[in-house]
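# What the coordinates show
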Protein chains: 2
Amino acid sequence: MTRAKRTASTDPASPGRGLSRRGLLGLAGASVAGIGLGVAGDRVALAATTTLGSGSGAGAASASMVYPFYGSHQAGIVTPAQDRLHFAAFDVSAGVTRAELIELLQDWTIAAAAMSAGRDVGEYGAVSGPYDAPPQDTGEAQGLPPAGLTITFGFGPTLFETADGVDRFGIVGRRPADLTPLPHFPRDDLDDGRSDGDLCIQACSNDPQVAVHAIRNLSRIAFGRAALRWSQLGFGRTSSTSTSQATPRNLFGFKDGTANIKAEEPDVVTDQVWVSAADGPAWLAGGSYLVARRIRMTIETWDRSILREQEAVFGRTKGVGAPLSGGTEFSEPDFALAGREDQPLIGAAAHMRLAHPTQNHGTKMLRRGYNFVDGNDDLGRLEAGLFFISFQRSPTQFTTVQLNLAKHDALNEYIRHVGSALFAVPAGTPDGGYVGAALFA
Amino acid sequence: MTRAKRTASTDPASPGRGLSRRGLLGLAGASVAGIGLGVAGDRVALAATTTLGSGSGAGAASASMVYPFYGSHQAGIVTPAQDRLHFAAFDVSAGVTRAELIELLQDWTIAAAAMSAGRDVGEYGAVSGPYDAPPQDTGEAQGLPPAGLTITFGFGPTLFETADGVDRFGIVGRRPADLTPLPHFPRDDLDDGRSDGDLCIQACSNDPQVAVHAIRNLSRIAFGRAALRWSQLGFGRTSSTSTSQATPRNLFGFKDGTANIKAEEPDVVTDQVWVSAADGPAWLAGGSYLVARRIRMTIETWDRSILREQEAVFGRTKGVGAPLSGGTEFSEPDFALAGREDQPLIGAAAHMRLAHPTQNHGTKMLRRGYNFVDGNDDLGRLEAGLFFISFQRSPTQFTTVQLNLAKHDALNEYIRHVGSALFAVPAGTPDGGYVGAALFA
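Residues numbered from 1 in each chain as written. Chains lettered and ligands numbered in written order. Predicted model: local features only at pLDDT ≥ 70, side-chain atom pairs only at ≥ 80, totals over all residues. Heavy atoms only, no water.

### Focus on the overall build of chain A
Secondary structure summary: chain A contains ten helices and ten strands in total. Residues classed as buried in chain A amount to 60% of the 441 residues present. Pairs at least 24 residues apart make up 77% of the contacts formed inside chain A by residues separated by at least 6 positions. For chain A, the accessible area works out to roughly 15100 Å², and carbon and sulfur atoms hold 55% of it. (Helix = DSSP H or I, 4+ residues; strand = E, 2+ residues; numbered from the N terminus. Buried < 20%, exposed > 50% of the residue type's maximum accessible area, 1.4 Å probe, protein only. Contact = heavy atoms within 4.5 Å. Areas by Shrake-Rupley, 256 points an atom, 1.4 Å probe, with all protein chains shown as cover.)

### A closer look at the UniProt feature "domain: Dyp-type peroxidase N-terminal" (unreviewed entry) in chain A
Mapped onto the present numbering, the UniProt feature "domain: Dyp-type peroxidase N-terminal" (unreviewed entry) falls on residues 74-235 of chain A. Along residues 74-235 of chain A the backbone is 20% helical and 19% strand, and the end-to-end C-alpha distance reaches 22 Å. (UniProt positions renumbered as here; feature names shortened; annotations may be inferred.)

### Quick word on unusual backbone geometry
Residues and elements named next belong to chain A. G280 connects to P281 through a cis peptide bond whose omega is -10°. For P281, the position within the fold is in the loop between α5 (266-272) and β6 (288-297). Non-glycine residue A147 carries a positive phi angle of around 50°. Its place among the elements puts A147 in the loop between α3 (98-116) and β2 (150-155).

### Things to note about helix α4 (residues 208-221) of chain B
All names here are of chain B. Taking 1.5 Å as the rise per residue, α4 with 14 residues should run 20 Å; its terminal C-alpha atoms sit 20 Å apart, in good agreement. Among the 14 residues that make up α4, 14 are buried, leaving the element largely enclosed by the rest of the structure. A side-chain oxygen of the first residue of α4 lies 2.9 Å from the backbone nitrogen of Q209; this N-cap is D207. (Expected span 1.5 Å × (residues − 1). Polar contact = N/O pair within 3.5 Å; in protein donor to acceptor, adjacent residues only side chain to side chain.)

### A closer look at the relation of the copies chain B and chain A
In this structure, two copies of a chain are linked by a rotation about an axis accompanied by a shift along it. With an RMSD of 0.0 Å, chain B superimposes on chain A once it is rotated by 180° and translated 0.0 Å along the axis. Here the transformation between the copies is reduced to the relation of a two-fold axis. Looking at chain B, 100% of its interface residues are interface residues in chain A too, so the copies touch through the same face. (Least-squares fit on C-alpha atoms with pLDDT ≥ 70 in both.)

### Examining the packing of aromatic side chains
Residues and elements named next belong to chain B. Evaluation of the coordinates by the stated rule reveals 36 aromatic pairs over all chains. Note on W302 and Y414: the rings are 5.0 Å apart at their centroids and 85° apart in plane angle, and the pair reads as edge-to-face. Taken together, the positions of W302 in helix α6 (residues 299-302) and Y414 in the loop between α9 (395-408) and β10 (415-425) put the pair 112 residues apart, joining distant regions of the chain. (Phe/Tyr/Trp six-rings, centres within 6.5 Å; stacked < 30°, edge-to-face > 60°.)

### A short note on the interface of chain B and chain A
The interface of chain B with chain A comprises 76 residues on the first partner and 77 residues on the second. Taken over both partners, the interface formed by chain B and chain A buries close to 5900 Å², and the fraction arising from carbon and sulfur atoms is 55%. Inspection of the region where chain B meets chain A yields four salt bridges. With a shortest N-O distance of 2.8 Å, D303(B) and R216(A) are connected by a salt bridge. On inspection of chain B and its partner chain A, the count reaches 22 residue pairs in polar contact (both at pLDDT 80 or more). When contributions to the side of chain B that touches chain A are tallied by element, the ones reaching two or more residues are α1 (21-28), β1 (84-92), α4, β4 (226-234), α6, α7 (307-314) and β8 (370-376) of chain B. When grouped by side-chain class, the residues that make up the side of chain B that touches chain A number 31 nonpolar, 30 polar and 15 charged. (Buried area = accessible area lost by both parts, 1.4 Å probe. Salt bridge = Lys/Arg side-chain N within 4 Å of Asp/Glu carboxyl O. Nonpolar A, V, L, I, M, F, W, Y, C, P; charged D, E, K, R; others polar.)

### A few points about the confidence of the model for chain A
Residues and elements named next belong to chain A. Averaged over every residue, the pLDDT of chain A is 89; the share at 70 or more is 88%. The model gives residues 4-16 a pLDDT under 50, and that stretch makes 27 contacts with residues more than four places away or in other chains. Note on residues 30-59: pLDDT is under 50 here. Beyond four places in sequence and across chains, it has 62 contacts. Interface predicted TM-score (ipTM) for the complex: 0.90; the corresponding pTM is 0.91. (pLDDT = per-residue confidence, 0-100.)

Right, here's the structure in full:
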């Protein structure tokens, strides 16, 4: 399906729904004359929009893939990991009230649902009138199918904090006990400007322009209510979240996420990913916790290490990704199996041993990370790494594994954690509702 | 075709060719024991590598696309513009001699030809032994087809300058008369750290991981001989260079490059893109000049301008991209046609008027730019824009148009040129040669 203007007011499935007046003001910025006051523009749908990618590699099947925004869980978690990412964290602006925060979430919901379906933001969209108002959609996704776009929202610990002693949103008492800032891990080298945030949005798509378009338009809708704190593009997924996907490689050249939770394991997903009603708080049931870590890789140093060392560090072969204890990629590792001088073939400091559920009380996470390269630093080294994202039923799952890794992982010689954030991800939104409504109920 | 180890020494088409000892040292860095001294590793080709993208959107057709590296012109110029870009500029390190520079170009040629064909760098590649040496290829492109990878090399003006009064490479006298730094244009706001360079490499592919892999491995091969000066990823092409491609949109939401030179116009390409033998110098015949400009877009301000203003700025409709004088996307604009109050429908300051060949003595350029978003700035504005690349027979073509734009373009209110570079792009390399050999002949 190709992108068409949103036709909310004539769509029987969503009668009367549209952006709030404040949301429309956000789109209009300082020059608000005329917007929302009538149908002044050409409402004929943009005809015959062309789909890019004919010579580009975006297969028609995946380009036209659409995941519904509304549902019992948010999309973008167990959804088969799309190829590209734009992630953004926001801070709610000073002076914003509870009602205004709710209105922002309502506006974001409407816009996210529209974009997920391949529609423009706003009643008039990107390219038709009113000509004396800013377009409601920025337009760079015109003609592009959603390419599997998912938009996933989260709430950071600071959203639940008082500001100048005031419970500004009336939700201080509803903060999940688990939603506290992550502990400081050994070797953490965090940049405040790449960490934390009151709100987050993860936009994933097989077309990066579609993911960028989503974050840009949601940022714009938030104008005056929430401001971008930090953001990150990821050019290639490093995890599979479905058995239908091949395992991708990280920038160390190794397959990553072989043992990841897969959507096809519903019992594991239930056990490890979704917050249950019993876990509490009730408003978060059906949701999850999102951990984001910006992990800078010192790839130049890594590239000078010998192959034997590289494989020892991961505990897997670099080619097929088999455990060093033998077998093929998906063979279970044998951590006891010893080789020369009775040393275990998978060393005590090997990444895959330390991260393995058997070494962490059975803990798993659903990983959804992306490779990134953001230019280079002043020394001519590529600013490259892994933007790690994981979803889990409790932040403790991440903390358990990360403490183990931060202390012992042989990989630490080659990586630095430079950004960190934790968000509570509410359950999915029923059609007609808004994301996180249960928090304010 | 999927990626396999390079088998130079057993490949009759390339007898005995391989990286120089210095190139191999670059790969090995400080720990060089054993490398290049024998066949110590497993030479069995990595069997059954899986191709990513089965669930990801990379159609088999474009993923498996292979453009030959060797030819009369360099690939990556009239090649149909691929979706993703990694561009890098390098400075040759102090103390490097003419012979060492030539050796670097030879090593780059061999590696670029291998990667363009979907092969690893080096005789042993990424994942087989020798186990006591660093892998010759970094490995993150294992299992990925080249997805139309092209690698294009250029020489900057500074390569032809003396260092401390010494003609270090013996090429000062061979500098093309046209290869002088671009003039300062009105409103230029250039960052040295994003400008210029002795050498450049443009890597384009429909798979960003493949483009990143190319730049990374070529940077690595250059270790000790040339260092990365700046680099830029582009996530989406903004130009079509073939009539088979749909016109993409820039981050202002407009179709870009509608009137671009297309590969299917060989006379125009010959006239506007390739340096002729008569143009001089002889070593550059069959080559071109590459201009790169990092153009930051103030998208937040743009997004608040009204649709009428946006269309007036470009001189085209935002929807189908038709000239404001009427017609459809590919209609010729009528710059004289007047509307209300006898004002021309395409205004005097409209971008498309000022950039049009008829307003620039018939000058055209082959544009090959990319959209970028590099996170956000401290004010929460997306660090977004257009990484403009153009190829032309003479830098004067760019300078003519850019002077016109810099002085008058209505778009200037919304953009800033923050990076700039010019490179002479030598002709293509015959099989068995190396890129730029004519310069040193």
